[in-house]
Amino acid sequence: MLEITDLVHSYGSHRVLDGVSIRAAEGELVCVVGPSGCGKSTLLRSVAGLIRPTGGRVLIDGRPVERIPDNLAVVFQDYSRSLYPWMTAANNVALPLRRRGLDRRRRREAAMAALDQVGLADAAEKYPWEMSGGMQQRVSIARALAYRPSLLLMDEPFGSVDAQTREDLEDLVLRVCAHHGMTTLLITHDIDESVYVGDRVIVLTRSPTRVAADLPVDLGRSRDQIATRQLGAFVRLRAEVGRLVRGGSPTPTVLEKH
Amino acid sequence: MNAIRAVGRLWLVPVTLVAWEIATRVAEQPFFPPPSATLVRMGEMWLSGPPSRLLLTEQAMSDFGPSLARLFAGWALAAVIGVAAGVAIGCSTRLSDYLDPLIHLGRAVPPPLLVPFFLALLKLGTPAQLATIVFGIIWPILVNTIDGARTVDRQHLETARIFGFSTVQRLTRVIVPAAMPKIFAGLRLALSLALILLIVAEIFAGSGGLGYRLLSAQRTYLYADMWGCLVVLGLLGYLLNSAFLLLERRVLAWHRNARQTT
């Protein structure tokens, strides 16, 4: 579904991405984790078509990304700058749906349904500044859901909320992505989170960035904040990802298991 | 409690008025009529009409009517042109590269200097007066709108790109609302400037209206009339500003609240 091949990007003489290749199958939730400043955001912006990479290829459903694809949505880390503060939650969610050719009433219905899915049916008429950070990020997720993309990109979506909210949002993303069968690329610097949320974890190296490892997560689709994190497989995988993020080399034993 | 405090702060007004009254009565200068005499003349001039017209006299109609019409027409015209041009220039680096120097030049020209030019170019009366007002007050609107449109948050624009907003949507739903706080700052400055330029224009370029009344009262030594005009202009400026603040508070509620909470 998503094919990133040998992606290279440089800012002037500074090479950020040095041949990154990632594949995601239809409906897969792929977490990309890497050390701070390793070009994760550059990667996401190239996939979204917001910047034109220096080299390499990004294919979505076999078509190269040249402009911003119309079947793609993004949830940014900084929800306070991503939602429009002059619009209510419902209008923030409904606005992109004009492109889907829906009339006013249908847009409104779709927005309400999406807000309901993220548990914010009662907050439809609230403005972003009347909501907590977690609620704003839910609105941002609802906006992406209502848009019905086939590819969802998330750029450290839980990076600016407290721990409790973060766990709620992780479970929310797991639930809605499975429900809609969306292919999702989630970028994070949180090792624990990447293993908990992902079907697969891609570990990036330091800049200039390459793929250090591509690890399948054999934890099943249904996950639980307490039980899943106690599993031996989870603990082993988390340790492995942690080692790789810190620049270690892959441990053969862990990889053999998968 | 707040009301009492607000009244408490106003004590300086009557004290000043009384002091002025005493000083002018003692001095007996014809240039400085006592406030009471000015007030009586204002009543005679403007508020001794029939109750059916809210006591407004014929003279009140001919003084205020054309002046207010010019003021609002000029302000509205400047707002439309200023905001439209400002958004266009703010969104296009090429346009702003070309036009920035011209704008700063135009802004630096003292608007009253252009009255003779507009008089030569346009008809005496309303056209020349409107041109003077619009040219004089458009700059704060234009400059503020350009700044507002140029400094829209990058992520607001990227969100619009990701979700494929049309050009119209991008302008009306993202750029203009984002620039609105700055546009309103410009509009408010322009409103107070408009009153000044209205009087300038009426003194130099026409007949009728408050500015003309002020000038003819001064020329015919009717100093109480002249002071009456000054007082009513002061009140008008104060009222316009208060009304505008009320409007701004409604339209920009999101802005005030967003700033308080983040």
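Residues numbered from 1 in each chain as written. Chains lettered and ligands numbered in written order. Predicted model: local features only at pLDDT ≥ 70, side-chain atom pairs only at ≥ 80, totals over all residues.

### Digging into the overall build of chain B
No. 1: Secondary structure summary: chain B contains twelve helices and zero strands in total.
No. 2: Listing each helix as α and each strand as β along chain B from the N terminus yields α-α-α-α-α-α-α-α-α-α-α-α.
No. 3: Projecting the C-alpha coordinates of chain B onto the three principal axes gives extents of approximately 75 × 55 × 40 Å.
No. 4: Taken across its 262 residues, chain B has 34% of its residues classed as buried.
No. 5: Across chain B, contacts joining residues at least 24 apart in sequence account for 71% of those joining residues at least 6 apart. (Helix = DSSP H or I, 4+ residues; strand = E, 2+ residues; numbered from the N terminus. Buried ≥ 20, exposed ≤ 12 C-beta atoms within 10 Å, placed from the backbone. Contact = placed C-beta atoms within 7 Å.)

### Details of the interface of chain B and chain A
Interface size is commonly expressed as the accessible surface area that is lost when the partners come together.
No. 1: Each side of the interface is counted separately: chain B has 18 residues, and chain A has 21 residues.
No. 2: Contributing elements (two or more residues each) for the side of chain B that touches chain A: α8 (154-162), α9 (167-204) and α12 (253-261) of chain B.
No. 3: Counting residues per element, the side of chain B that touches chain A draws most heavily on α8 of chain B, at six residues.
No. 4: By residue class, the composition of the side of chain B that touches chain A is six nonpolar, eight polar and four charged. (Nonpolar A, V, L, I, M, F, W, Y, C, P; charged D, E, K, R; others polar.)

### Concerning helix α11 (residues 223-251) of chain B
Residue and element names in this part refer to chain B.
No. 1: Counted at 1.5 Å a residue, the expected span for α11 with its 29 residues is 42 Å, and the 42 Å between its end C-alpha atoms agrees.
No. 2: All of the buried residues along α11 are A224, D225, M226, W227, G228, C229 and V232.
No. 3: In this structure, the buried side of α11 is in contact with α3 (35-46) and α10 (210-219). (Expected span 1.5 Å × (residues − 1).)

### Notes on the packing of α10 of chain B against α11 of chain B
Residue and element names in this part refer to chain B.
No. 1: The N-to-C vectors of α10 and α11 enclose an angle of 150°; their axes lie 8 Å apart at closest approach. Considered as vectors, α10 and α11 are oriented roughly antiparallel to each other. α10 and α11 meet at a crossing whose hand is left-handed. On the side of α10, the interface is formed by L210, R213, L214, A217 and Q218, while α11 contributes D225, M226, C229 and L233.
No. 2: The residue makeup of the contact of α10 with α11, split by class, is six nonpolar, one polar and two charged. (Axes fitted to C-alpha atoms, helices over the stretch in contact; angles between N-to-C directions. Parallel < 35°, antiparallel > 145°, perpendicular 65-115°, else oblique. Left-handed = near helix turned anticlockwise from the far one by under 90°.)

### Comments concerning the domain arrangement of chain A
Residue and element names in this part refer to chain A.
No. 1: When its domains are assigned, chain A resolves into domain 1 (2-71 + 158-257) and domain 2 (85-148).
No. 2: The gap between the C-alpha centroids of domain 1 and domain 2 is 26 Å.
No. 3: Across the boundary between the two partners, domain 1 contributes ten residues, which contact eight residues of domain 2.
No. 4: By residue class, the composition of the side of domain 1 that touches domain 2 is five nonpolar, three polar and two charged. (Domains from an automatic or database assignment.)

### Points about the sheet that holds strand β8 (residues 183-188) of chain A
Residues and elements named next belong to chain A.
No. 1: A sheet is described by the order of its strands in space; here six strands give the open sequence β6-β7-β8-β3-β9-β10, paired in mixed fashion. Each of the sheet's edge strands pairs with one partner strand only, and the pair in question is β6 (72-75) and β10 (211-216). Within this sheet the neighbouring strands show an average axis-to-axis angle of 15°, counted without direction.
No. 2: Across the face of the sheet, helix α1 (residues 40-48) comes into contact with β3 (29-33), β6, β7 (151-155), β8 and β9 (200-204) while running at roughly 155° to β7. (Pairing = 2+ DSSP bridges.)

### Observations regarding the pairing of β3 of chain A
Residues and elements named next belong to chain A.
No. 1: Counting buried residues in β3 gives five out of five residues, a clear majority hidden from the surface.
No. 2: The two faces of β3 match: L29, C31 and V33 on one face and V30 and V32 on the other face are all buried.
No. 3: Alignment of β3 against β8, held across five bridges, turns out to be parallel. In the sheet register, L29 faces β8, and the bridge partner there is T184.
No. 4: Note: β3 against β9, four bridges, orientation parallel. Across the sheet, the residue bridging to V32 is I202, located in β9.

### Section: the confidence of the model for chain B
No. 1: With 98% of its residues at a pLDDT of 70 or more, chain B has an overall mean of 88.
No. 2: Quick note on the complex model: pTM equals 0.84, ipTM equals 0.86. (pLDDT = per-residue confidence, 0-100.)

### Section: the sheet that holds strand β2 (residues 14-24) of chain A
Residue and element names in this part refer to chain A.
No. 1: Read from one edge to the other, the open sheet built from four strands follows the order β2-β1-β4-β5, with strand pairing classed as antiparallel. At either end of the open sheet lies a strand with only one pairing partner, and these are β2 and β5 (63-64).
No. 2: Here strand β4 (residues 55-60) pairs with β5 via two bridges, running antiparallel. Bridging across to β5, L59 finds its partner in P64.

### Details of unusual backbone geometry
No. 1: You will see that E156 of chain A, though not glycine, has its phi angle at about 45°, which is positive.
No. 2: You can see E156 of chain A is positioned in the loop between β7 and α6 (163-180).
No. 3: Phi angles above zero are rare outside glycine, and E28 of chain B is one such case at about 55°.
No. 4: Considering the arrangement of structural elements, one finds E28 of chain B in the loop between α2 (12-27) and α3.

### Considering the environment of Q137 of chain A
All names here are of chain A.
No. 1: Relative to the helices and strands, Q137 resides in helix α5 (residues 133-146).
No. 2: Judged by the 29 C-beta atoms lying within 10 Å of it, Q137 is buried.
No. 3: In this structure, the C-alpha to C-alpha distance between Q137 and F158, residues 21 residues apart in sequence, is 8.0 Å.
No. 4: Setting aside residues no more than four positions away along its own chain, Q137 makes contact with Y79, P157, V161 and L169.

### A short note on the environment of Q129 of chain B
All names here are of chain B.
No. 1: Counting through the fold element by element, Q129 comes out in helix α7 (residues 126-150).
No. 2: The class for Q129 is buried, based on 31 C-beta atoms found within 10 Å.
No. 3: Q129 sits 77 residues away from G206 along the chain, and the two C-alpha atoms are 7.6 Å apart.
No. 4: Setting aside its immediate chain neighbours within four residues, Q129 contacts R70, A201, E202, A205 and G206.

### Points about the environment of V30 of chain A
No. 1: Within the secondary structure layout, V30 of chain A lies in strand β3.
No. 2: Sequence separation of V30 of chain A and T183 of chain A is 153 residues, and the distance between their C-alpha atoms is 8.0 Å.

### Section: the packing of helix α5 (residues 93-108) of chain B against α7 of chain B
Residues and elements named next belong to chain B.
No. 1: α7 packs onto α5 with a crossing angle of 150° between their chain directions and a minimal axis gap of 11 Å. As summarised for this structure, α5 and α7 are arranged roughly antiparallel, according to the angle between their axes. Between α5 and α7 lies a crossing of left-handed hand. Taking contact as the criterion, the partners of S96, I103, G106 and R107 in α5 are, on α7, W139, L142, V143 and I146.

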